[in-house]
Amino acid sequence: MIKETCMALLRKGREHYLGYALSGGGAKGFAHLGALKILEKCGLKPDVIAGTSAGAIAGAFYADGYHPEEIGELFRKKEFKEFVEFSIPKAGFFKSTGLHGFLKKNLRARSFEELKIPFYAVATDWNKASTTIFSEGDNLVEAVVASCSVPIVFTPQNINGIQYVDGGLLKNFPVSVIRKKCKYVIGVNVSLMIPPAERDTIRTMMMRTFNLMANANTIIDRAYCDILIETKGIEKYHMFDLNNMDTIYNAGYHYAAIEMSEKESWQVVEKCHKHYKRVEYLRDRIKKIEQIKRKK
């Protein structure tokens, strides 16, 4: 009881001190890994992570204790066809069985509660046309798959009798999901506006349509960030491009390094470091008090 009360006071009434919000963006989500690497170099440790679509994949693995390079290695030399199964088109061209199997095989946690960092996966309830936040229970893999299930491309993910699709449809940048819970939020947005294709095809039309919708619903969330990292120069890479992982990763690393070198960003970093020291000091004091109590 003493420990919980003291920690709550340190967080000044908020549930968490530092949170990360990771946007959707398909294969551009590899930029999240580069950004996470820079944040690690800054000595930052998130207390909570919220992710949509590609951000949900990166966020789930990071919350599971994987380092950015380890996450990248899981995807290296993979092809799109390994994550999907062709479906007779009814609600989508592909089933996400491959992605489901990949997550189930590589995620060590089997439930949200087993993750090392609290995690929120953002999906869209297809029937209610509303955002759903998954954060507890043993449906971790299903929730991440749901968050990535782009309409038309993939069949909806069924969880407890409800159909869910990609969270980016309504909440591509989930800053507001954790904003009130955190003292500071660092947002990584990898889904900037893509240019129109030189020649329209069904694929390019679909991708630009989804990109326009995703960008439209990020405006408010961008303003909620204490630190906003946006990865430029990767707009040309399409949603399922697994062949340019290193280039996309490096872009995320580069732009995160630029943003974190800004004076305002470093002020947040310094406050986080002071917070970590206070937490460590308090934990040591509580430990000593508990030892004294046990001796009496």
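Everything below is about the structure printed above this text.
A short tour of the structure in this document, coming up. As the structure is a prediction and not an experimental result, all values here were calculated from the model. (Residues numbered from 1 in each chain as written. Predicted model: local features only at pLDDT ≥ 70, side-chain atom pairs only at ≥ 80, totals over all residues. Heavy atoms only, no water.)

**Topic: the overall build of the protein chain**
And then number 1: Helix and strand counts for the protein chain come out as eleven helices and eleven strands.
And then number 2: Counting only contacts in the protein chain whose residues sit at least 6 apart along the sequence, the fraction spanning at least 24 positions is 75%.
And then number 3: In the structure as shown, the protein chain presents an accessible area of about 15200 Å², 54% of it carried by carbon and sulfur atoms. (Helix = DSSP H or I, 4+ residues; strand = E, 2+ residues; numbered from the N terminus. Contact = heavy atoms within 4.5 Å. Areas by Shrake-Rupley, 256 points an atom, 1.4 Å probe, with all protein chains shown as cover.)

**Quick word on the packing of aromatic side chains**
And then number 1: Counted under the stated rule, the structure contains eight aromatic pairs.
And then number 2: With 5.2 Å between their ring centres and 90° between their planes, F61 and Y66 make a pair best called edge-to-face. For the pair F61 and Y66, one class covers both residues: buried.
And then number 3: Taken together, a centroid distance of 6.1 Å and an interplanar angle of 65° make the contact between F61 and F102 edge-to-face. Residue F61 is found in helix α3 (residues 54-63), and its partner F102 is found in helix α5 (residues 97-106); the two are separated by 41 residues along the sequence. Like F61, the residue F102 is buried in the burial classification. (Phe/Tyr/Trp six-rings, centres within 6.5 Å; stacked < 30°, edge-to-face > 60°. Buried < 20%, exposed > 50% of the residue type's maximum accessible area, 1.4 Å probe, protein only.)

**Things to note about helix α11 (residues 263-295)**
And then number 1: The terminal C-alpha atoms of α11 lie 49 Å apart, and with 33 residues this matches the ideal 48 Å at 1.5 Å per residue to within 8%.
And then number 2: Within α11, burial applies to S265, V268, V269, C272, H275, Y276, V279, L282 and I286. (Expected span 1.5 Å × (residues − 1).)

**Things to note about the environment of H238**
And then number 1: Tracing the backbone through its elements, the reader meets H238 in the loop between β11 (227-230) and α10 (245-260).
And then number 2: Taking relative accessible area as the criterion, H238 reaches 31% and is therefore assigned partly exposed.

**Brief notes about helix α4 (residues 68-75)**
And then number 1: Listing the buried residues of α4 in full gives P68, I71, G72, L74 and F75. All buried residues of α4 fall inside an arc of 155° around its axis, so they share one side. (Arc of directions from axis to C-beta.)

**Points about the pattern of salt bridges**
And then number 1: Going through the model one piece at a time under the given rule, you end up with eight salt bridges.
And then number 2: E69 is the partner of K37 in a salt bridge, and the nearest nitrogen-oxygen pair spans 2.8 Å. In this pair, K37 sits in helix α2 (residues 30-41) while E69 sits in helix α4, placing the two residues 32 residues apart along the sequence.
And then number 3: By relative accessible area, E69 is classed as partly exposed at 36%.
And then number 4: Two residues, R76 and E73, come together in a salt bridge whose shortest N-O distance is 2.9 Å.
And then number 5: You can call E73 partly exposed: its relative accessible area is 49%. (Salt bridge = Lys/Arg side-chain N within 4 Å of Asp/Glu carboxyl O.)

**Brief notes about a negative patch on the surface**
And then number 1: On the surface, a cluster of negative charge is made up of E113, E114, E136 and D138.
And then number 2: Among the structural elements, E113 can be located in the loop between α5 and β5 (119-125).
And then number 3: The exposed category is assigned to E113, whose relative accessible area is 52%. (Patch = residues over 30% accessible without salt bridge, like charges linked within 9 Å, V, L, I, M, F, W, Y side chains within 5 Å. Lys, Arg positive; Asp, Glu negative; His and termini not counted. Charge placed at Lys NZ, Arg CZ, Asp CG, Glu CD.)

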